[in-house]
Amino acid sequence: MQPRSIIVYCGLLMSAAAFSTDVTLPAFGDMEAGLQTSKTLVQWTIPAFMIAAGLGQVFWGGVSDRFGRRPALAAGLGIFLAGCLFAAFAPDIRILLAARALQGFGSAVAMVSSRAIVRDLHTGQELARGLALASAIFATGPIIAPLGGGIIAELAGWRMIFAVLALYGAIMLAVLVRMPETLAAKTPDATRLATIARRSGRMLRNPQSRHFLIASALTSSIMFLILTSLPVIYEVHFGVSGFVFSVFFAIHGFGIIVGQIANRRLIPILGVVKTTIVAGLVLTVTALAVIAATLSGFINAYVMSALMVVFATSYLIVYSNSTSLVLDPHGDIAGFAAAVFGFFSQLGGAIITAVIVVFTGASVIGFGIALLSLCLASLGATALWQAGAKARLRAT
């Protein structure tokens, strides 16, 4: 496989988590009825997946550095496939939740290894551009998944969704046979606690990695807020749910593709950090527009979706560029660095969102205010780093 083909494969690996979460959103009602359970427990299939994926990244980072990217991917994708099959045949909600956690743990290897592989191949601006390309491919998940989930649930029932996810895992395993190993040198002690502690200390002592690890939690919480709030807002306020909601939600993914194309072009001109600041400004202005449209009474499903398309153009720019800024100083421990990034961003974002949604509920204005607050915090974190970089430059 050529380097560009490998990055395309990494983009498809990145899609595993997004695809696995978004594809189930239109089928929540069918799951609730089919398993005779509550809406709340069905909603917990998303956190169960996300929490296991966040914890799993710490495990797979060390495994990837010790045994190589390909063996780690083979093991993790196998676990993901098994979790999909267990979910497809789950007799009750408890088994489904356990199966979703197993899926999340297995999919974590895709998140870690995809970022680590790109770092194995590139550094500096080329690393950021490579991650931008992979993220543009990743955007196919949010586009295809909700539509596919709605169609599959309508035609064959919600269990078939997990059968299709199992097929996706099997295809990724089949393609893996052709991918070369990108890890230049394996680290035999990568999974030892002393090594993990030493590497963690190294990352936290690096000012750039430390700063953008913290910022990544804010960035992730933005997307988690959207995932948890929009299905409820569309149903309660706009009367949109099921397959129709999946169409609205899928449209947002086109904004991601446009944004990552722009990201690859802007990075050589502005640099990684300034491009991230521009994207953060777009996010902040869009969040303000959500609040303005709500207060003026103009908000509806079409207006919200149009604003979310604009928002999507810039969200993944901030996230993927933050990823490159965390990973860049740690090429020799790329697997571990990718794992720490995923752990901090995913669990940190989930915790922040869990607190916020208690106060926002199904309120559109509450959602807008929370979105604006997170966007301002994320933008402020990137601007603070840029200001510090200028100060350090003047001091030299």
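My aim in this report is to walk through the structure given alongside it, one point at a time. (Residues numbered from 1 in each chain as written. Predicted model: local features only at pLDDT ≥ 70, side-chain atom pairs only at ≥ 80, totals over all residues. Heavy atoms only, no water.)

Some thoughts on a nonpolar patch on the surface
How we decide: Grouping into patches uses exposed residues only, defined as over 30% relative accessible area, and leaves out salt-bridged ones; the cut-off is 9 Å for like charges and 5 Å for nonpolar side chains (Val, Leu, Ile, Met, Phe, Trp, Tyr). Accessible surface area values rest on a Shrake-Rupley calculation with a 1.4 Å probe, where residue burial reflects the displayed protein chains alone. By definition, a salt bridge exists where a carboxyl oxygen of Asp or Glu is found within 4 Å of a side-chain nitrogen of Lys or Arg. Numbering of helices and strands runs from the N terminus; a helix is a DSSP stretch of H or I covering at least four residues, while a strand is a stretch of E covering at least two.
A cluster of nonpolar residues, Ile 151, Leu 155, Phe 243, Val 247, Ile 251 and Phe 254, forms a patch on the protein surface that exposes about 560 Å² of accessible area. Among the secondary structure elements, those contributing two or more residues to the nonpolar patch are helix 8 (140–156) and helix 12 (242–270). Looking at the nonpolar patch, the element that brings in the most residues is helix 12, giving 4 residues. Summarising the element assignment, Phe 254 is placed in helix 12.

Quick notes on the pattern of salt bridges
How we decide: Residue exposure (1.4 Å probe, protein chains only): buried if accessible area is under 20% of the type maximum, exposed if over 50%, otherwise partly exposed.
With the rule as written, the count across this model stands at 5 salt bridges. Its salt-bridge partner being Arg 199, residue Asp 65 comes within 3.1 Å of it at the nearest N-O pair. Here Asp 65, found in helix 4 (residues 45–67), pairs with Arg 199, found in helix 10 (residues 193–205); they are 134 residues apart in sequence, far enough to count as distant. Each of the two residues, Asp 65 as well as Arg 199, counts as buried. As a salt-bridge pair, Asp 120 and Arg 69 come within 2.8 Å of each other at their nearest N and O atoms. Taken together, the residues Asp 120 in helix 6 (residues 93–121) and Arg 69 in helix 5 (residues 69–88) connect sequence positions 51 residues apart. Linked by salt bridges that have partners in common, Asp 65, Arg 69, Asp 120 and Arg 199 make up one network.

A few points about helix 11 (residues 207–238)
Each turn of an α-helix holds 3.6 residues, which means side chains three or four residues apart point in the same direction. So the rule is basically this: Residue count minus one, scaled by 1.5 Å, sets the expected span of a helix. At every residue, the bend is computed as the angle between two fitted axes, covering the seven residues ending there and the seven beginning there respectively. Throughout this description, a polar contact denotes any pair of N or O atoms lying within 3.5 Å of each other; where both atoms belong to protein, one of them has to be capable of donating a hydrogen while the other can accept it, and for residues adjacent in sequence the pair is counted only when both atoms sit in side chains.
Spanning 32 residues, helix 11 covers 45 Å between terminal C-alpha atoms, matching the ideal 46 Å at 1.5 Å per step. Of all the bends in helix 11, the greatest, near 35 degrees, is centred on Ser 229, and the proline Pro 231 appears no more than four residues after it. If you check the start of helix 11, you find a side-chain oxygen 3.1 Å away from the backbone N of Gln 208, and it comes from Asn 206. Of the residues one or two after helix 11, Gly 239 is the one with positive phi, at around 65 degrees.

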